[in-house]
Amino acid sequence: MIKMILKLLKVLNSEADPGQISLALCFALLSGFLPFFSPLNIIVLLVVFLIRVNLSAYFLGTAFFAGIAYLLDPLFNRVGLAVLTAGALHGLWTTLYNSTIWRLQRFNNTVVMGGIVVGVVLAIPLFLLGNFLIRTYRERILSWVRKLRLVQVLKMSKFYHLYQKLS
Amino acid sequence: MKKWIRWKGLIAFIIVGIAALLIWYLLADWMVKTAIEKTGTALAGARVELKKADLSLSPPGLTLFDLQVTDKEHPLTNAVEVSRIAFTLDGLNLLRRKVLIREMAMQGVRFGTPRSYSGAITKAPPGAPSASKNEEGGFTLPSVKVPDVKKILQEEQLASLQQIADARKELEDAKTAWKTRVAALPDQKAIDAYEKRINDLRRARPRKLKDYERLAGEASSLAKDIERDAKTVQAARKDFSATLAASRQQLTAAEKAPQDDIRRIMDKYGVSAGGVGNMSRLLFGNTVSTWVGRGMEWYGRVKPLLTRLRSRKNGVAVVKPARAKGMDVRFPEYHPLPDFLISAVNVSLQEPQGTFTGTIKDVTTEQAAINRPTTFAFSGEGLADMRSLRLDGMLDHVQPDKPDDRATITVEDYRLAGMQLSRSDRFPVSLARGTAHAAITASVAGDDLHVQVRARVSAARFTAAGQDAFTRLLANALAKVTAFTVNADVTGTLKHYDVSISSDLDRVLKDAAGKAVREQAAKAEKAIKDAVAQKTAAALKGVQGDFADLASVNRILSGREGRLDDLLKRAQESVSKPRIRL
């Protein structure tokens, strides 16, 4: 847990664009909510590697959201069941069901569909919120920490220089 | 845009992908093995172990070695063990999550093999107390002991004694009444007096007319007196005849009463042959019930695999996936295919008797999708204990609400040796040898169960030992049997069924038992007859004596009536033909 927090702080304190971190978290949300070895997840992973998003944030976020997904599975099940049994979408689902590529995605599983729906719905708000929070953190909290005497003294120490070399 | 695209990431992804594929390829066999063991254990409820799995990609297929499925009820035994299972899969349909196997080969299938360690996955609950062993070894014979006559007569009230006593009292009352009545009748003295008067009249020598008139008057008066007394005696005799007839009936009833008592006691304490009517059930019931139970057990294991539990939510079909969370929603398929289908399984079974080979066709949990039932056919020839065995059957769940499962087993020349039929201490029986031909048909339609067994055993030799006269008779009867038939019918439902068994041994044993019962019953009847006769003899003798005494009154009345009639005739002659000498 402490390691995760330190890694998160490292990401937040880095020079990475807030958009890249937020987008990584969005993709992490999707990856966390989907079954790990599902084809859709592999596509998400490809996109994550291809697009310049913060990989550390992505892997951290995936671990975090996978933990939350475990608790949200009953919600995913209900949402997925409602979506898959919606009369208006029956024709669409039937067409996808008869397609090998889509069957491979296991979209007809209620937890998978629920995870996708909840993930997509939460992705944009998460992106916007993430951006806002990261900027606020850097502008307010990080700059205040950097001004602290103790931090300045630590930064001057050999120990800090050694740490910077190794990290 | 360039800022957002990371081409190196694509290369990294490809490298990672290739590495993952390589790792998957290297570990695929292990992953398949683990998946089969884990899923199999969850489905079987007991440990499933696999020695090795060999996955092939072209063509897609799998070979499994040394699969062991633990028997959940007996964790130290394998329900089934298979040396090798090999099959190829339809690759394209596999991507659509449909396991379609055209042909599967299963070699070295064995049932009930021992395990070196327990395959239980949950701690067994404390053992239920075992059922107490029947002292007779499940074999209850009727009792044919001779009843204790002394004890019976002590406990039983003999109605005949009371009846005889009542008859005796009636006879004594009648005797007394008639004694009184006879005393009131004209006695010998009076009749002698009449005779003297008649003689006097006859001897008289009248000289005058007055004398003749006087004599005629006396003769007429005498005749009237005699007639009056004769009528009295006649009336008495008539009444006595009625009394005697009634007394005779009472005597007859009293003499019959002991026989009624004997019959009543024999009916209550005697022995009949009806109790040994269905001896074949006693001899073969355990064996039939055991085999029926075993068949039910295997059917119970197979049945859940024939239908996949499917429910409906919001009007669409949903199925709980075996190895995933949530539910899989089913949509109509343009070309419906079941999720799991093995078109043909070629099986080689290794049993202690020999090797059986067979084929199972259309193994699937969705028979409605292929519109064909699962069928199976097994046969074995030249086996150790039998000439041949054939098993055919069909599990028809094409219409899930109207299941129809059937099986036929035909056994030819099954050599029986030392088959224990009764472990009773009183009457142990075993079939030392025999050759059996059997045909068994079983069907389960819905919840209705029908099983029919027709078996014929030739060259039979029974070994039986009787501990008492009755069981020795049965043992002797069985020793003479060289061939017999056994028929068993099981009807009812899967949870509650009745087994009825019949055999031509029933007639043999019933005859032997009936003979023993008749002998014992005759002994018992004689003993009871003698005892009752002894008890009632004195009383009967008394009542017979009383009757004889009463009957003697008839002699007295007859004698007096005869004399009076004779005297009346003589008197009337005297009146009509006076012997008057002039």
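Here the residue index of a chain counts from 1 through its sequence in written order. Starting at A for chains and at 1 for ligands, labels are handed out in the order in which the entities are written. In keeping with the predicted nature of the model, local features appear solely for residues at pLDDT of at least 70, side-chain atom pairs appear and are counted solely at 80 or more, and the whole-chain, interface and lining totals rest on all residues. Here the side-chain values reflect all heavy atoms present in the structure, with hydrogen atoms and water set aside.

**With respect to the overall build of chain B**
Then, number 1: Looking only at helices and strands, chain B has 10 helices and 16 strands in total.
Then, number 2: The criterion used for residue contact is that any of the two residues' heavy atoms lie within 4.5 Å. Residue pairs in contact within chain B that sit at least 24 positions apart in sequence constitute 63% of those at least 6 positions apart.
Then, number 3: Only the protein chains shown count as cover for residues, with accessible areas throughout obtained via the Shrake-Rupley method and a probe of 1.4 Å. Accessible area of chain B: about 34100 Å², with a carbon and sulfur share of 56%. Secondary structure elements are taken from DSSP: a helix is a run of H or I of four residues or more, a strand is a run of E of two residues or more, and numbering for both begins at the N terminus.

**What to know about the nonpolar core**
Then, number 1: Remark: nonpolar core denotes a set of buried residues (Ala, Val, Leu, Ile, Met, Phe, Trp, Tyr, Cys) joined through side-chain atoms within 4.5 Å. Summary of the burial criterion: residues with accessible area below 20% of their type's maximum are buried, those above 50% are exposed, and those between are partly exposed, where the area comes from a 1.4 Å probe applied to protein chains only. If you look at the biggest cluster of nonpolar residues, it comprises 70 residues, and the most contacted ones within it are Phe-462, Phe-484 and Leu-505 of chain B.
Then, number 2: Counting residues in hydrophobic clusters, the runner-up holds 34 residues, among them Trp-178, Val-182, Tyr-194 and Ala-236 of chain B.

**Regarding the pairing of strand β4 (residues 99–114) of chain B**
Residue and element names in this part refer to chain B.
Then, number 1: Strand pairing is defined by DSSP finding a minimum of two bridges between the two strands. Where strand β3 (residues 77–89) meets β4, 10 bridges bridge the pair, whose relative direction is antiparallel. Residue pairing for β4: Glu-81 is matched across the bridge by Arg-110.
Then, number 2: Relative to strand β8 (residues 340–351), β4 is paired through 8 bridges, and the arrangement is parallel. For Ile-101, the partnering residue across the bridge sits in β8 and is Ile-342.

**Some remarks on the environment of Thr-410 of chain B**
Residue and element names in this part refer to chain B.
Then, number 1: Mapped onto the fold, Thr-410 is located in strand β12 (residues 404–422).
Then, number 2: Classification of Thr-410 as partly exposed rests on a relative accessible area of 31%.
Then, number 3: Spatially, the C-alpha atoms of Thr-410 and Thr-441 are 8.7 Å apart, while their sequence positions differ by 31 residues.
Then, number 4: Beyond its immediate stretch of four places on either side in the chain, Thr-410 contacts Ser-388, Leu-389, Arg-390 and Ala-438.

**Details of the interface of chain A and chain B**
Accessible area lost during the coming together of the parts is what is often quoted as the interface size.
Then, number 1: Each partner contributes residues to the interface: chain A has 33 residues there, and chain B has 31 residues.
Then, number 2: Between chain A and chain B lies a buried interface of about 3100 Å² when both sides are counted; carbon and sulfur atoms form 59% of it.
Then, number 3: Here Glu-333 of chain B makes a salt bridge to Arg-103 of chain A, at a shortest N to O gap of 3.3 Å.
Then, number 4: Whenever two N or O atoms come within 3.5 Å, that pair is a polar contact, provided that in protein one can donate a hydrogen and the other can accept it, and provided that, for residues adjacent in sequence, both atoms are side-chain atoms. At the boundary of chain A with chain B, the tally comes to 8 residue pairs in polar contact (both at pLDDT 80 or more).
Then, number 5: Put simply, the parts of the chain that give the side of chain A that touches chain B at least two residues each are α2 (18–33), α3 (39–50), α4 (55–84), α5 (90–97), α6 (100–104) and α7 (110–147) of chain A.
Then, number 6: Here the term charged refers only to Asp, Glu, Lys and Arg, the term nonpolar to Ala, Val, Leu, Ile, Met, Phe, Trp, Tyr, Cys and Pro, and the term polar to all other amino acids, Gly among them. Split into classes, the residues belonging to the side of chain A that touches chain B amount to 17 nonpolar, 12 polar and 4 charged. For any pair of parts, buried area is found by adding up, for both, the accessible area (1.4 Å probe) each one loses once the two are put together. For this analysis, a salt bridge means a side-chain nitrogen from Lys or Arg found within 4 Å of a carboxyl oxygen belonging to Asp or Glu.

**Focus on the confidence of the model for chain B**
Residues and elements named next belong to chain B.
Then, number 1: Every residue gets a pLDDT, meaning the predictor's confidence in that residue, from 0 to 100. Overall, the prediction assigns chain B a mean pLDDT of 84, with 89% of residues at 70 or greater.
Then, number 2: The spread of mean pLDDT over the elements of chain B runs between strand β5 (residues 310–313), the lowest at 63, and strand β2 (residues 60–70), the highest at 93.
Then, number 3: Between residues 126–138, whose pLDDT stays under 50, and residues either more than four places distant or in other chains, the model counts 8 contacts.

**Observations regarding α4 of chain A**
Residue and element names in this part refer to chain A.
Then, number 1: One less than the residue count of a helix, multiplied by 1.5 Å, gives the span that helix is expected to have. Counted at 1.5 Å a residue, the expected span for α4 with its 30 residues is 44 Å, but the 33 Å between its end C-alpha atoms falls short.
Then, number 2: Maximal helix bending in α4 amounts to about 65°, located at Leu-72; proline Pro-74 follows within four positions.
Then, number 3: Its side-chain oxygen placed 3.1 Å from the backbone nitrogen of Ser-56, Asn-54 serves as the N-cap of α4. Here the bend at a residue means the angle between the axes of two seven-residue stretches, the one that ends at it and the one that starts at it.

**A word on unusual backbone geometry**
Then, number 1: For the peptide bond that leads from Ser-58 of chain B to Pro-59 of chain B, omega is -10°, which places it in the cis range.
Then, number 2: Residue placement: Pro-59 of chain B occurs in the loop between β1 (48–57) and β2.
Then, number 3: Positive phi outside glycine occurs at Arg-106 of chain A, with the angle close to 60°.
Then, number 4: Classification of Arg-106 of chain A by relative accessible area gives buried; the value is 16%.
Then, number 5: Non-glycine residue Asp-362 of chain B carries a positive phi angle of around 55°.

**Considerations on helix α1 (residues 7–44) of chain B**
Then, number 1: Its axis deflected by about 60° at Leu-27 of chain B, α1 of chain B carries its strongest bend there.
Then, number 2: Along α1 of chain B, the residues classified as buried are Gly-9, Phe-13, Ala-28, Val-32, Glu-37, Thr-39, Gly-40 and Thr-41 of chain B.
Then, number 3: Tucked inside the fold, the buried residues of α1 of chain B contact α3 of chain A together with β1 and β2 of chain B.
Then, number 4: Of the residues one or two after α1 of chain B, Gly-45 of chain B is the one with positive phi, at around 75°.

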